[in-house]
Amino acid sequence: MNFKARLGGAMLAAIMSTTSFHGAFAAEDTIKIGVLHSLSGTMAISETTLKDVMLMLVEEQNKKGGVLGKKLEAVVVDPASDWPLFAEKARQLISQDKVAAVFGCWTSSSRKSVLPVFEELNSILFYPVQYEGEESSRNIFYTGAAPNQQAIPAVDYLAEKEGVQRWVLAGTDYVYPQTTNKILKAYLMSKGVKAEDIMINYTPFGHSDWQTIVTDIKKFGSAGKKTAVVSTINGDANVPFYKELANQGIKAEDIPVVAFSVGEEELAGLDTTPLVGHLAAWNYFQSVDAPVNAEFIKEWHAFTKNDKRVTNDPMEAAYIGFNAWVKAVEAAGTTDTDKVLDSIIGVSVPNLSGGTSTVMPNHHITKPVLIGEIQSNGQFEIVQQTPSVVGDEWSDYLPDSKNLISDWRKPMSCGNFNVATGKCGGKGS
Amino acid sequence: MLRFFLSILLMILALATQSVAQSDPKALIDALGKADFKQAEDLLGQIAASADPRVVPALEAFNDGDLYVRKSDGAVFITRASGANLALIDPLSGAAAGEAPKGAMTKLKINNSLRRVLRSALGGLTLLSPDRNVRLSAADAVLRSPSAENLELVEAALAKETDREVKARMEEARAASVLSSDRPVDQKRAAIETIGSIGGRDAISILMSASASLDASLKPDVDRAISKIQSSLAFWDLGQNVWYGISLGSVLLLAAIGLAITFGVMGIINMAHGEMVMIGAYATFMVQEVIRTSAPQLFDWSLAIAVPVAFLVTGAIGLVIERGVIRFLYGRPLETLLATWGVSLILQQTVRSIFGPTNREVGNPSWMSGSFALGGLSITWNRLWIVAFSLSIFFGLLILMKRSAFGLQMRAVTQNRRMASSMGIRTAWVDAFTFALGSGIAGIAGVALSQIDNVSPNLGQSYIIDSFMVVVFGGVGNLWGTLVGALSLGVLNKFLEPSVGAVLGKILVLVLIILFIQKRPRGLFALKGRAIEA
Amino acid sequence: MISSFFLRALEGRILAAVAVLLAVALLVPAANLLTAPDSALHIPTYAVSLMGKYLCYALLALALDLVWGYCGILSLGHGAFFALGGYAMGMYLMRQIGSRGVYGNPDLPDFMVFLNWKELPWFWHGMDMFWFAVLMVLVVPGLLAFIFGWFAFRSRVNGVYLSIITQAMTYALLLAFFRNDMGFGGNNGLTDYKEILGFSVQADGTRAVLFALSAIMLSLCLVISSGIVRSKFGKVLVGVRDAESRVRFLGFRVENIKLFTFVVSAMMAGIAGALFVPQVGIINPGEFAPANSIEVVVWTAVGGRGTLIGPIIGAILVNGGKSFFTGAFPEAWLYALGALFIGVTLFLPKGIVGTIQHRFAGRRAAKAADEAEKSAADTAVANQIQAAE
């Protein structure tokens, strides 16, 4: 008896409260957007910043009068670095809060977790982080770098400008490094690098004892050929890795390390003096010399009330994604998903490196690739900048994806069109 | 390609006509202002070849990123920050040349290739420095990036050198330079011999990189030298691995030792232990922040100051937790797990709210940076200090437990609370301070761990499971067990890592712990008598 | 005497709980499918999946209560059994995608294609058959529990040591499943399912059925657990919890009793995982994280350990709270959660249900229980003295 009421009551209370709470804040004349970034748990370290950026962008946009004459309202939730919770929160944002679009996720697992939700409920996700590619969903826009917008130009730079002939591909054992390293290995071998000149090494998440691996790298590097490390080591494990490199006396002049997951934010936790010269490849650095970037940094410092907060590449990706969405909504005159999906393709918005980024039919964007060297002040010195590169969702260097393309314009409207068989749906059956 | 060389040639010609002599350093330095990376490399080669010691400050400034070009006239200056402006210094004479706003100057960019050339050039140019240490590091630089241009400089320096150590290093540097020069075969053979006798990976590296351009008749010499080095390295590798194991073990010991008290001695399943370590690391950060802003000269002492601070801060937090939560839970160890888990969530979120979720920078004092060679072992200073530090905490704690009145009371209370109480020991007081002691030691561990790991709110989480494994493996309630457990797990891990990889190695260690507990259900050093029952 | 009194009281409660669960199993899907979206009685699909997820967690907590509340085995690795059950179901769902994956490979799941795998690893064979997958949902967690328990209980590993090695077990599995070479999709896990038994996993009808199934499974497991603890075996079980050596001296094979309970509990956790996966849409190594298993312990403690109904309520309450606070107070919800754990341990040591039972049982029963506790404490002291000698 008692329990009957209790059990039912508890369930209902939990459900009702979620709805009613948000309902109370919902005003008629606002457009809501969801912010789906972990604010607690292991990923909070990276994602919290992106939540702040989104709030700042919404505030700025509202100062300019909002979108379609309505104010924007950000609905922030905390998926707590828990992948099933990401799916639950995405569902909540879309069906309960009725958001027009969601900006969020960091890890590939979180994106994979919410992807079916966005496709089922037909909403839009802007994903602002560099990733392994091999995906193109009708409902997701990938504003971070695909491997060809980050990894391959970085390797090219090392091979051409530093004469590197021997490669250590070191990564954390998860899907992004595995895929990126597969692509890089295929790419390097297509350039004539021999298999024995490539060493691949994986470590667990949060690995903190790098003594053995750094020694191995040293060993591998003493074969008389110029050696470089291509690091896809995940955020948290980088600090101890760089500390060990510095202490074992590996200088950038001897064995440079080029990283794809180390940006200004990660370096803020490090004394970078011994790391000067190690590289990173991104589509944006805080040190980019462009008026639009200076403006952005100023706003960011004002918004966070902290002059020392750094900016980084995923922030730029969030900036591009947000502005592209605003522009697409204004062009479509509505926030209706299908109309926005149509109008956003081809939209060009300024990026923070002084150029423009265009949303391509494959839901990836064009951006330049920047190679930077770490400086003693924790910033990067840009040593090379390529022209804009189109994000390639299906890598040309993986046997099963080289024939695939993605084009979400009508009439093709396909995320995995096989050019060999002329059919949509992978290999086509 | 051809066009490129032509343009360089043209540029050099242009320079030659502009200036009095082709190798006028002033003109060469000014030319740096307009050069791209590739051209700058060539210019640096000429500057080095001029062997003019006056260019050293300019090259050093270039290396440090202090060399700027004035936008208006393309003149290059060494600069020092002077408020919002840059103070200009003439690159050759070192005379002050006024100030300029930052906007009027462009920094000369540098990349790794340039840095390599600079290192070699600076090495060659400073071989004759009056300062012995500068000469030593110059010889080192030449050794690490040998070039034919430096050969004569090295030989000239060698002729004048009197210091034994510097002389030996210069001999090696000379040998390396000989290998990349066009000297006759017999000189090269002797050089291979010299390099071979240096030993170590660097020597292999020098020989391997030189071998491509060497005469075929020298091949057997090179191979012999390399295989000789490798056989001695194989022996040292074993020792190196043991050292890595000990150093990993000492980190585990540090992480676990506070837990050995709160969990091992008191029986509290203290899930907030990791957060104490984390707070200790943040205390270090705070101490360094204060030192940075108010007394930068004390920076090398920052860790020594942070140790008592971290101990007091975390000890005080521990005291509050014990008085506020844990004292109600004695005798219910599994419930301490829940409550301390709650405490850990709150502490983590508090730190996240105060310091932000991102990593904080904790600097390494100079005495903890770099490495030194011990025979064929390469030992990094920070690891050595951490091993020493963890062992001294361990023995300090042991003495406290076994020799002091407080330690006696502590053992009495844990062994037989009622008896201890009737002997007049204030058991509540002892409990509170034992927990505070355990927390404080976790805080001290945080000071050391801040030197090798991230200082972020997640720091504690990454050590908590390992800490429990160490304590359980070693035997709950026995400090020696914790020591032996930590060191053996560390060494085991490091011996598995090279053969099966880091990920599988860690899994295997866990499986071995599970199997070991089957064999000895009370850990390595089982406590006899009234063991702590859960 | 006292325990039989409690059991009789509990029996009524179990019945009531089962009735509630079955009613929920019927009414919630009905309210979701049969009412108009704007009706006051309508429950949105979003809420159905959410509640389905809570029910799976409740089943997991129930499984833990069986070993912890009645047998005294505090498993800090129950999440591992849950995840293994989930992976077995996930593998079936992956195989069901067939050639609709992005690469259109009829046999290999997408993650294997882009990591260049040529053929299906041996342990993926057979997972395309539903009955086989369901069998695996029970067998894999059961087998792991059997092997683990066989060693651990025979060596008389107990108390904190057992808890820590169960934690080591789930941690090792976490690391293993993170490895891409294992063939379980690495950290991305298994996701993007299309259909189960030919029904689309995204259809409202399928969700409603899955929800109903979760409620039915939960009540079934509740009845089974209650049956176990109320049988003679159950009394021995409680004996093992309270005075293991005595039970052993009485001639019972304590290790077998523990092993049986542990295996049954692991299988229940496996079922919970298998129901969880199609409703949530993803299974990945994060489920093996030791923190998840600790959370299960927390739900059980909040609801009331050793009450069977308590864990169910605890799981639903804590997770409901989590859903609410992560949306309403994203920056501060960890404070609330942390405070809840501390508060419950300090002020409701018997958990919510335990405390209520205590009140309802009245003063006399309470007094008797105190006495029983005291005598238990005395025997514990006596045991310790024995052990010491």
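Just so it is clear, the structure is predicted and the values come from calculations on it, not from any experiment. (Residues numbered from 1 in each chain as written. Chains lettered and ligands numbered in written order. Predicted model: local features only at pLDDT ≥ 70, side-chain atom pairs only at ≥ 80, totals over all residues. Heavy atoms only, no water.)

1. Notes on the packing of helix α21 (residues 502-519) of chain B against helix α6 (residues 159-178) of chain C
- For the pair α21 of chain B and α6 of chain C, interaxial distance at closest approach is 9 Å and the crossing angle is 155°. Overall, the two elements α21 of chain B and α6 of chain C adopt an arrangement that is roughly antiparallel. The crossing of α21 of chain B and α6 of chain C is left-handed. Residue-level inspection shows Val 503, Lys 506, Ile 507, Leu 510, Ile 514, Ile 517 and Gln 518 of chain B of α21 of chain B in contact with α6 of chain C, the latter providing Tyr 161, Ile 165, Ala 168, Met 169, Tyr 171, Ala 172, Leu 175 and Ala 176 of chain C.
- Tallied by class, residues from the contact of α21 of chain B with α6 of chain C come to 13 nonpolar, one polar and one charged. (Axes fitted to C-alpha atoms, helices over the stretch in contact; angles between N-to-C directions. Helix = DSSP H or I, 4+ residues; strand = E, 2+ residues; numbered from the N terminus. Parallel < 35°, antiparallel > 145°, perpendicular 65-115°, else oblique. Left-handed = near helix turned anticlockwise from the far one by under 90°. Contact = heavy atoms within 4.5 Å. Nonpolar A, V, L, I, M, F, W, Y, C, P; charged D, E, K, R; others polar.)

2. Description of the state of the cysteines
- Under the criterion given, the structure shown has one disulfide over all chains.
- Shown here is the disulfide that connects Cys 414 of chain A with Cys 424 of chain A, its sulfur atoms set 1.9 Å apart. Of note, the bridge from Cys 414 of chain A to Cys 424 of chain A carries an S-S torsion of about 90° and is right-handed in sense. Taken together, the residues Cys 414 of chain A in strand β16 (residues 414-418) and Cys 424 of chain A in strand β17 (residues 423-424) connect sequence positions 10 residues apart.
- Sulfur of Cys 221 of chain C: no disulfide; nearest cysteine sulfur belongs to Cys 56 of chain C and is 11 Å away. (Disulfide = S-S within 2.5 Å.)

3. Some details on helix α14 (residues 333-355) of chain B
Residue and element names in this part refer to chain B.
- Taking 1.5 Å per residue as the helical rise, α14 with its 23 residues ought to reach 33 Å, and the 32 Å between its terminal C-alpha atoms agrees with that figure.
- α14 sits mainly inside the fold: 19 of its 23 residues count as buried.
- Within two residues after α14, Gly 356 carries a phi angle of roughly 85°, on the positive side. (Expected span 1.5 Å × (residues − 1). Buried < 20%, exposed > 50% of the residue type's maximum accessible area, 1.4 Å probe, protein only.)

4. Concerning the side chain of Asn 351 of chain A
Residue and element names in this part refer to chain A.
- Within the secondary structure layout, Asn 351 lies in the loop between β11 (348-350) and β12 (356-358).
- Given a relative accessible area of 1%, Asn 351 falls into the buried group.
- From its side chain, Asn 351 meets the backbone nitrogen of Gly 354 in a polar contact 3.5 Å long.
- Not counting residues within four places of it along the chain, the set of residues in contact with Asn 351 comprises Val 292, Glu 316, Ile 320, Thr 356, Ser 357 and Pro 368. (Polar contact = N/O pair within 3.5 Å; in protein donor to acceptor, adjacent residues only side chain to side chain.)

5. A short note on the interface of chain C and chain B
- Of the residues lining the interface, 43 residues belong to chain C; the matching set on chain B comes to 43 residues.
- Here chain C meets chain B over a buried area of about 4000 Å², counting both sides, of which 77% is carbon and sulfur.
- On inspection of chain C and its partner chain B, the count reaches zero salt bridges.
- Applying the counting criterion to the chain C and chain B interface returns seven residue pairs in polar contact (both at pLDDT 80 or more).
- With 13 residues, the single largest contributor to the side of chain C that touches chain B is α6 of chain C.
- Here the residues of the side of chain C that touches chain B sort into 32 nonpolar, eight polar and three charged. (Buried area = accessible area lost by both parts, 1.4 Å probe. Salt bridge = Lys/Arg side-chain N within 4 Å of Asp/Glu carboxyl O.)

6. Remarks on the sheet that holds strand β13 (residues 366-374) of chain A
Residue and element names in this part refer to chain A.
- Across the sheet, seven strands lie side by side as β7-β6-β8-β9-β10-β13-β14; this open sheet has mixed pairing. Each edge of the open sheet carries a strand with a single partner, namely β7 (198-203) and β14 (380-390). Strand-to-strand twist in this sheet, taken as the mean axis angle between neighbours without regard to direction, amounts to 20°.
- Two elements, strand β6 (residues 166-172) and strand β8 (residues 227-232), share six bridges in a ladder whose sense is parallel. The partner of Arg 166 across the bridge, within β8, is Thr 227. (Pairing = 2+ DSSP bridges.)

7. Some thoughts on unusual backbone geometry
All names here are of chain A.
- With an omega dihedral of 5°, the bond running from Lys 410 to Pro 411 counts as a cis peptide bond.
- Looking at the element boundaries, Pro 411 is found in the loop between β15 (404-407) and β16.
- Within the chain, Ala 80 stands out as a residue other than glycine whose phi angle is a positive 55°.
- Secondary-structure assignment places Ala 80 in the loop between β2 (71-77) and α3 (83-96).
- The exposure class of Ala 80 is buried, given its relative accessible area of 15%.
- Even without being a glycine, Ser 81 presents a positive backbone phi close to 55°.
- Note on placement: Ser 81 falls in the loop between β2 and α3.

8. Quick look at the confidence of the model for chain C
- Averaged over all residues, the pLDDT of chain C equals 86, while 90% of them reach at least 70.
- Predicted complex metrics record ipTM = 0.86 and pTM = 0.87. (pLDDT = per-residue confidence, 0-100.)

9. Some points on the packing of aromatic side chains
All names here are of chain C.
- Within the structure shown, the criterion is met by 51 aromatic pairs over all chains.
- Aromatic pair Tyr 87 and Phe 288: ring centres 6.0 Å apart, planes at 20°, arrangement stacked. Residue Tyr 87 is located in helix α3 (residues 78-97), and its partner Phe 288 is located in the loop between β4 (282-283) and α11 (290-303); the two are separated by 201 residues in the primary sequence.
- Owing to a relative accessible area of 0%, Phe 288 belongs among the buried residues under this scheme.
- Ring geometry for Phe 177 and Phe 184: centres 4.6 Å apart, planes at 25°, overall stacked. The pair Phe 177 / Phe 184 is uniform in exposure class, with both members buried.
- A network of ring pairs unites the aromatic residues Tyr 87, Trp 122, Phe 123, Phe 177, Phe 184 and Phe 288 as a single cluster. (Phe/Tyr/Trp six-rings, centres within 6.5 Å; stacked < 30°, edge-to-face > 60°.)

10. Considerations on the packing of helix α4 (residues 56-64) of chain B against helix α5 (residues 112-125) of chain B
All names here are of chain B.
- Their axes nearest at 10 Å, the elements α4 and α5 cross at an angle of 150°. When the axis of α4 is compared with that of α5, the two are roughly antiparallel. Classified by chirality, the crossing of α5 by α4 is left-handed. Of the residues in α5, those in contact with Val 56, Leu 59, Glu 60, Phe 62 and Asn 63 of α4 are Leu 114, Arg 115, Leu 118, Ala 121, Leu 122 and Leu 125.

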